[in-house]
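This is what each chain is made of:
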Amino acid sequence: MAGGRAVIWPEALLPLAGLLAWIAGGVLSAGALLWIWRHGERARPDRIGLMAAAGASAVWCALAAALGPEHGAAVIAAMVRNLALIATIFSLFAADGRSNSLKPVRPVILALVLVQLLQLVVLWMGLSLGGSAEVAQAAYDARVLIDMLVAIGALMLLHNLYAGAASAMRPVLRWTGIALTGIFAYDLNLHTLAYLGGAMPVLLGDMRGLLAGGMAVIFALGVNAAGPRVQFSPSRAVTFRTLSLLLIGGYLAGMVLIAKSLALLGGDVARASQAVFVVAALVAAGLALPSSRLRGWLRVTATKHLFQHRYDYRQEWLRFTRTIGRGTAGGASLEERVVKALADITESPAGLLLMPNEQAQLELTARWNWPTIAVPAVAGEFTLSGLLEIHNMVLALDEARGGIDHHGEGSHVPQWLMEAEDAWALVPLIHFDRLVGVIVLARPRNPRQLDWEDFDLLRVAGQQLASYLAEQAGQQALMDASRFDEFNRRMAFVMHDIKNLVSQLSLLAANAEKHADNPAFRADMLVTLRNSADKLSALLARLGRYGSGQASASGEIELVALAKGLVARFAGVHPVHLTREDPVRVMGNREALEQALIHLVQNAIDASPGGAPVFLDVTAEGLSGTIEVVDAGHGMSPEFVRTGLFKPFVSSKPGGFGIGAFEARELVKAMGGRVSVESREGLGTRFAIALPLAEAVRLLGAGDNRDAAHQEAR
């Protein structure tokens, strides 16, 4: 008996639960009617329709509880409720002021009303044709199909109503739209199950009353003059899972419908068609469901169309332009403001600006609020610059750390960025398909994953920032050209005056030899004058070297001997030590190289505290010989290294002319070499001059000669 009761009692409680659900629905609907009548905002266009729907819902629930949901009176009451809801939808269309939209909407509303009124015809035919089981089943199927058609039409109208609504109309539509969608979506699913199963599911059918009451309460909240204080905002993860379940449910329902339709063919053809369809559907599901591309597309689509945008674009644009257009109280440079403007968009607390050098390698140019991260001299190789430039790709570093690779960039992300857990994203700055720079953003204080909206906004903002940097570079180039013209004009006068002075001194020396009476005085005067003339001649020769191409007169240079000569030259001025002296012979112009090194050593001495030595290192690596000048002075900022060190007329020393480092680099470049620099503020600076090995130059020259001879022989 105990086991019998365990089976009988739940079944016996189902009618009671259904009765209570209908009663609760009636009470809630009646309460919603009174609330809308007394407290509802009277200016709302949907107030009358919702009152009629709530009243009809209360009558329907009462009749269903008393007579049963399939009784004719209950069916008519449900029909009246649906007509009131359709009228409410039409009133919302009219209130939005979209007169053009009402033209196609009126026929749809009229068609829904006529389809809904067919319930009366079907009900009358079922009663007049007798009470046979076949007639009753046919009438029931017809009524279910009518309800399905009405629900589908109403849902289509609701979608078009909200999708095309003006922004001022959205708050009016929100809660009414949620309740209407809930009613018709439940009806569509319920009547679909009833049609497929041939009978109404008892428990789900009785829950219609409770659902109707709950939706009537939402109607009442929505038309309150004060308005509801809560917003419905499900998380994106929940929304995506819900959509996935709906798609799976739709897929299964579609399979059932198609399989049932194929059964109408009859015989072996029906069975074969059903088998083929089931196999094809399973194969399609097996291919589509595991696809990460499909899941990603669904997630992005749901996020774009079901949620408001994360960013207030007007506010972001105003803040962006204010940051770029005005410096901060500390007088931040444009490069620092560029980093800040982009970091503010994603609420990143810090950032770096990397810009390509002449070899397309990324170098640190500016940092904003990120003093702790250690950035190497070469922050990124040219391969990474090329990928970012070609694909205009915002790189999420968490994806790179997880092994996700979109365009082959994973192997080119520098190790220091992979190890820096605070580094969050790389944003390319593209101007006319050319990479101007790359901004590294720090992880926001509230960690999250980058999504489609971040990628779109950062990419567009990066293009705008790139235009600012390119404009600044163009203006700086024009200013440099103008100052070079002025410098050249002044140097012409200087050279003319020096030539005259040399001529005068030479003449004075010649006259002194002839006319001086005191031989001792004459000898001293001659030595002094000749030394002065030699110095002035050397200065004249050096000044005339600019643009003359003399540095291209190449020969073999023993770097160790040259370095020892520099140590001896500065012996009485400042301690200069040769720490490594690998035997290296390079190809270049000795005088020009010595002059460049004198500039760099003198700069190192000026930057070093008293007594702190300057070190020279001579090494060979690959096909190049390198001489390094290392000091432990005050160092230079990345911004100055990038924008000021090799710019003429820009100097960090009081009274400096700013031509030494520029001249050194130009001299080395004329010899086919390169100058690199690595500096940290407070730690010191390392300059490195690399020139091709003499042996390598000879081998390459011999190879070129053999190739030329071979071509002539052919």
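See the structure printed just above.
Residues numbered from 1 in each chain as written. Predicted model: local features only at pLDDT ≥ 70, side-chain atom pairs only at ≥ 80, totals over all residues. Heavy atoms only, no water.

Asker: An account of the overall build of the protein chain is requested, with residue identities and associated values reported.
Answerer: Check the secondary structure of the protein chain and you find 22 helices and twelve strands. Looking at the protein chain residue by residue over its 714 residues, the buried ones come to 40%. Taking contacts inside the protein chain between residues at least 6 apart in sequence as the whole, the part at least 24 apart equals 70%. Carbon and sulfur atoms make up 62% of the accessible area of the protein chain, which amounts to about 38,400 Å² in all. (Helix = DSSP H or I, 4+ residues; strand = E, 2+ residues; numbered from the N terminus. Buried < 20%, exposed > 50% of the residue type's maximum accessible area, 1.4 Å probe, protein only. Contact = heavy atoms within 4.5 Å. Areas by Shrake-Rupley, 256 points an atom, 1.4 Å probe, with all protein chains shown as cover.)

Asker: Residues and numbers for the nonpolar core, please.
Answerer: Here is a general trend for soluble globular proteins: nonpolar side chains tend to be buried in one another's company. Among the nonpolar cores identified, the biggest contains 41 residues, and Leu593, Val629, Leu645, Phe687 and Ile689 are the most heavily contacted of them. A per-element tally of this core places helix H19 (residues 590-607) first, with eight residues. In this structure Val629 touches Leu597, Leu600, Val601, Ala604, Val614, Phe615, Leu616, Thr685, Arg686 and Phe687, once residues within four positions along its chain are discounted. Leu92, Phe93, Val122 and Ala151 belong to the second-largest nonpolar core, a separate cluster that totals 35 residues. (Core = buried A, V, L, I, M, F, W, Y, C linked by side-chain atoms within 4.5 Å.)

Asker: Lay out the sheet that holds strand S2 (residues 362-368) in plain terms, naming residues and giving numbers.
Answerer: Spatially, the five strands line up as an open sheet ordered S2-S1-S5-S4-S3, and their pairing is antiparallel. Single-partner strands in this sheet number two, and they are S2 and strand S3 (395-396). Summarising the sheet, strand S1 (residues 351-356) and strand S5 (residues 434-442) pair through four bridges and their orientation is antiparallel. Across the sheet, residue Leu352 finds its bridge partner in S5, namely Val440. Across the sheet, helix H12 (residues 334-345) touches S1, S2, strand S4 (423-431) and S5, and the angle it forms with S2 is around 75 degrees. Lying over the sheet, helix H13 (residues 382-391) contacts S2, S4 and S5, oriented at roughly 65 degrees with respect to S4. (Pairing = 2+ DSSP bridges. Axes fitted to C-alpha atoms, helices over the stretch in contact; angles between N-to-C directions.)

Asker: Could you give an account of the sheet that holds strand S12 (residues 684-692), naming the residues involved and the relevant values?
Answerer: Read across the open sheet, the five strands follow the order S7-S9-S10-S12-S11; overall the sheet is mixed. Whereas interior strands pair on both sides, the edge strands pair on one side only; in this sheet they are strand S7 (576-581) and strand S11 (674-680). Pairs of neighbouring strands in the sheet enclose a mean axial angle of 15 degrees, with direction left out of account. As paired elements, S7 and strand S9 (residues 614-621) share five bridges and run parallel to each other. Across the sheet, Glu581 pairs through a bridge with Val618, a residue of S9. Sheet strands touched by helix H18 (residues 559-569): S7, S9 and strand S10 (624-631). Its angle to S7, the strand with the most contacts, is close to 165 degrees.

Asker: An account of the pattern of salt bridges is requested, with residue identities and associated values reported.
Answerer: What the rule picks out here adds up to 17 salt bridges. With a closest N to O distance of 2.8 Å, Asp398 and Arg443 form a salt bridge. Highlighted residues: Asp398 in helix H14 (residues 397-401) and Arg443 in the loop between S5 and helix H16 (452-515), separated in sequence by 45 residues. Close ionic contact of Arg686 with Glu628 constitutes a salt bridge, the shortest N to O distance being 2.7 Å. You can see Arg686 sitting in strand S12 and its partner Glu628 sitting in strand S10, a full 58 residues away along the chain. You can call Arg686 partly exposed: its relative accessible area is 35%. The exposure class of Glu628 is buried, given its relative accessible area of 13%. (Salt bridge = Lys/Arg side-chain N within 4 Å of Asp/Glu carboxyl O.)

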